[in-house]
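The primary structure of each chain is shown beneath.
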Amino acid sequence: MTSTRYALPVAFVLMLALIPTVIHGYLSMKINDGLSAEKINTLLTGFTSIATNRQPGWGEVTFGCEDWIERTYTDKQGKSLRLFVGRSYDHKRLYHHPELALSYGKDLKGTGQIRLPGQPEIPVNMLRNAMRPNFSAAFVLLYDGKFIDNPITHQVQDALKQLVSARKPMTLFYLADDTTSNDSAFNKTADASLLESAIRDFMGQAPAAPGK
């Protein structure tokens, strides 16, 4: 005969486990903040842009992004930079070595983090190729209006909240440069200017109306 002594505690635990299952499994609850990568200006800080030749479904297949852009921005001197901005509810797919997809074959390695001044400061993750000094990239992660210094720490700290609330998208800003020497101070390059301009332009978009 099965004892009913622990029936209520077990039922309570099962109900707690059911909450994230319903939120994320059955209802797939997501928050739309009204921001969009596609709305980022095609003209930024003296650069004009054209879309790259990625296929329409590439961003979703690669990063789980329904909203993304990849453009080549070129200034009046002919300098070209490639900018990818993508938003995904699957955060790990964005922050876990984005260079493997966005700079395939360039053999880029992380070289630390620098900060662009401003309010707030922007933490920029730097990637370089030690053997080919002109190959570099930089990326920034944004979540819920805040810049992410360490995405793994962030996700661990935010895990419980994410279990019982609707999901919010993370945004990846990735800038690739095949022409600027690694000896150049990033903060003083056109790369930094374009990256910051794209981020500020994105964050300056009007938020979604309440309830949407």
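About the cut-offs
Residues numbered from 1 in each chain as written. Predicted model: local features only at pLDDT ≥ 70, side-chain atom pairs only at ≥ 80, totals over all residues. Heavy atoms only, no water. Helix = DSSP H or I, 4+ residues; strand = E, 2+ residues; numbered from the N terminus. Buried < 20%, exposed > 50% of the residue type's maximum accessible area, 1.4 Å probe, protein only. Contact = heavy atoms within 4.5 Å. Areas by Shrake-Rupley, 256 points an atom, 1.4 Å probe, with all protein chains shown as cover. Core = buried A, V, L, I, M, F, W, Y, C linked by side-chain atoms within 4.5 Å. pLDDT = per-residue confidence, 0-100. Salt bridge = Lys/Arg side-chain N within 4 Å of Asp/Glu carboxyl O. Phe/Tyr/Trp six-rings, centres within 6.5 Å; stacked < 30°, edge-to-face > 60°. Lys NZ or Arg CZ within 6 Å of the ring centre and 35° of its normal. Pairing = 2+ DSSP bridges.

Caption draft 1: Examining the overall build of the protein chain more closely. Each helix and strand counted, the protein chain has seven helices and nine strands in total. Within the protein chain, buried positions represent 40% of all 212 residues. A fraction of 68% describes how many contacts in the protein chain between residues 6 or more apart in sequence connect residues 24 or more apart. Total accessible area on the protein chain is roughly 12400 Å²; 58% of this is exposed by carbon and sulfur atoms.

Caption draft 2: Spatial organisation of the nonpolar core. In this structure, Ile40, Val124, Val140, Phe173, Phe186 and Leu195 are the most contacted members of the largest nonpolar core, which totals 27 residues. Broken down by secondary-structure element, the contributors of at least two residues to this core are β3 (65–74), β4 (80–88), β6 (122–128), β7 (136–143), β9 (170–177) and α7 (190–203). The dominant element in this core, judged by the number of residues it contributes, is α7, at six residues. Aside from chain neighbours lying at most four places away, what touches Val140 is Ile122, Pro123, Val124, Phe147, Thr171, Leu172, Phe173, Leu195 and Ile199.

Caption draft 3: Geometry of the confidence of the model for the protein chain. Confidence in the prediction of the protein chain, expressed as mean pLDDT, is 84, and 80% of residues score 70 or more. Note that residues 10–27 has pLDDT below 50 and, in this model, 16 contacts with residues that lie over four places away or in other chains.

Caption draft 4: The arrangement of the pattern of salt bridges in detail. Under the criterion given, the structure shown has 10 salt bridges. Glu70 is paired through a salt bridge with Arg54; the nearest N and O atoms lie 2.7 Å apart. Residue Glu70 is located in strand β3, and its partner Arg54 is located in the loop between β2 (47–51) and α2 (58–63); the two are separated by 16 residues in the primary sequence. Given a relative accessible area of 5%, Glu70 falls into the buried group. Judged by its relative accessible area of 27%, Arg54 is partly exposed. The partner of Asp177 in a salt bridge is Lys79, and the shortest N-O contact between them spans 3.3 Å. Of this pair, Asp177 sits in strand β9 while Lys79 sits in the loop between β3 and β4, and the two are 98 residues apart along the sequence. Judged by its relative accessible area of 0%, Asp177 falls in the buried class. Here the salt bridges do not stand alone but share partners, grouping Arg54, Glu70 and Arg82 into one network.

Caption draft 5: Fine view of the packing of aromatic side chains. If you walk through the whole model with that rule in mind, you get six aromatic pairs. By way of ring pairs, the aromatic residues Trp58, Phe63, Trp68 and Phe84 are connected into one cluster. Sitting over the face of the ring of Trp58, Arg54 holds its NZ or CZ atom 3.9 Å from the ring centroid. Across from the ring centre of Phe135, 4.6 Å away, lies the NZ or CZ of Lys106, which sits over that ring.

Caption draft 6: How the structure looks around the side chain of Ser197. Here Ser197 shows up in helix α7. Look past the residues within four positions of Ser197 in its chain and what remains in contact with it is Leu44 and Thr45.

Caption draft 7: The arrangement of the pairing of β4 in detail. In terms of burial, β4 is largely enclosed, as eight of its nine residues are buried. Two strands pair when backbone bridges link them, and β3 and β4 are joined in this way by nine bridges, in the antiparallel orientation. In the sheet register, Thr72 faces β4, and the bridge partner there is Arg82. The hairpin turn running from β3 into β4, its antiparallel successor, is five residues long, and Gly78 in that turn takes a positive phi close to 90 degrees. As paired strands, β4 and β9 are joined by seven bridges and run antiparallel to one another. Counterpart to Gly86 in the pairing with β9 is Leu172.

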